[in-house]
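Overview (structure and organization)
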Amino acid sequence: MDVLINVFVALHIIGIASLLGGFLTQMKAMGAGEARFVPAMLHGALTMLVTGVALVGLNQADDQSVNNIKIGVKLLVLIVILALVYVKRDDAKVDKGTFAAVGGLTVANIFIATLWT
C-alpha cells in the first residue's frame, strides 16, 4: 500500500508542478496584460484533484490518520482554482487580477500542504 500511496504522491506533485509551471511561464505575458490560462494549468489542477481524492482514500484504507479540516481547505482552494481556470480557459487574455489570484491560490495550497501539521 505504501508504494501505491507514494506513486499517487508523485503524481500529485507532478500536477502541482504543471499548474505552477503554467502560471510561471505566463508571468511575462501577465506583465504585458496578455496572460492566458494554458492547458497545462487545467490539466495540472485536474490531476491534483483526482490524485488528492485518491490519496485521502488510500490513506484512510491504510488506517492512517487524515486531517479532514486541512484536506477540506485544500479542496476548497483547488475548486476555486479549477473554477477560475476552467471558465477562462478559452479566453485569449485573462485580466491580471484573476491570473494573479490563481497563482496566489496555487502557492497558498503548496504552503497549506507543507506547513500545516
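These lines cover the structure that appears in this document, whether it is placed above or below. Everything numeric in this text was worked out from a predicted model, so none of it was measured.

With that out of the way, let us pick up the overall build of the chain. Regarding its fold elements, the chain presents five helices and zero strands. Of the regular secondary structure in the chain, the N- to C-terminal order runs α-α-α-α-α. In summary, the chain has a C-alpha radius of gyration of 15 Å against a globular reference of 13 Å for 117 residues, a match within 12%. Taken along its principal axes, the extent of the C-alpha atoms in the chain is 50 × 25 × 20 Å. Here the chain holds 117 residues, and 32% of them are scored as buried. Here the contacts in the chain between residues at least 6 apart in sequence split such that 81% fall between residues at least 24 apart. Of the roughly 6,700 Å² of accessible surface on the chain, a fraction of 69% belongs to carbon and sulfur atoms. For the chain, the distance from the average position of its 8 positive side-chain charges to the average position of its 7 negative side-chain charges is 12 Å.

This part is about the side chain of Gln 26. Among the secondary structure elements, Gln 26 is positioned in the loop between helix H1 (2-25) and helix H2 (27-31). With a relative accessible area of 13%, Gln 26 lands in the buried category. Residue contacts for Gln 26: discarding those within four places in its chain leaves Glu 34, Ala 35, Arg 36, Val 38 and Phe 99.

Leu 19, Phe 37, Met 41, Ile 81, Val 85, Phe 99 and Val 102 are the most contacted members of the largest nonpolar core, which has 20 residues in total. If you list the elements that add at least two residues to this core, you get H1, helix H3 (39-61), helix H4 (68-87) and helix H5 (96-115). Among the elements that make up this core, the one with the highest residue count is H4 (five residues). Not counting residues up to four positions away in its chain, the partners in contact with Val 102 are Phe 37, Met 41, Ile 81, Leu 84 and Val 85.

Given a rise of 1.5 Å per residue, 23 residues ought to cover 33 Å, and the 33 Å separating the end C-alpha atoms of H3 matches this to within 8%. For H3, every residue scored as buried is listed here: Met 41, Leu 42, Gly 44, Ala 45, Met 48, Thr 51, Gly 52, Leu 55, Leu 58 and Asn 59. Count one or two residues on from H3 and you reach Asp 63, which has phi positive near 60 degrees.

What counts, and where the lines are drawn
- Residues numbered from 1 in each chain as written.
- Predicted model: local features only at pLDDT ≥ 70, side-chain atom pairs only at ≥ 80, totals over all residues.
- Heavy atoms only, no water.
- Helix = DSSP H or I, 4+ residues; strand = E, 2+ residues; numbered from the N terminus.
- Rg over C-alpha atoms; globule rule 2.2 N^0.38 Å.
- Buried < 20%, exposed > 50% of the residue type's maximum accessible area, 1.4 Å probe, protein only.
- Contact = heavy atoms within 4.5 Å.
- Areas by Shrake-Rupley, 256 points an atom, 1.4 Å probe, with all protein chains shown as cover.
- Lys, Arg positive; Asp, Glu negative; His and termini not counted.
- Charge placed at Lys NZ, Arg CZ, Asp CG, Glu CD.
- Core = buried A, V, L, I, M, F, W, Y, C linked by side-chain atoms within 4.5 Å.
- Expected span 1.5 Å × (residues − 1).

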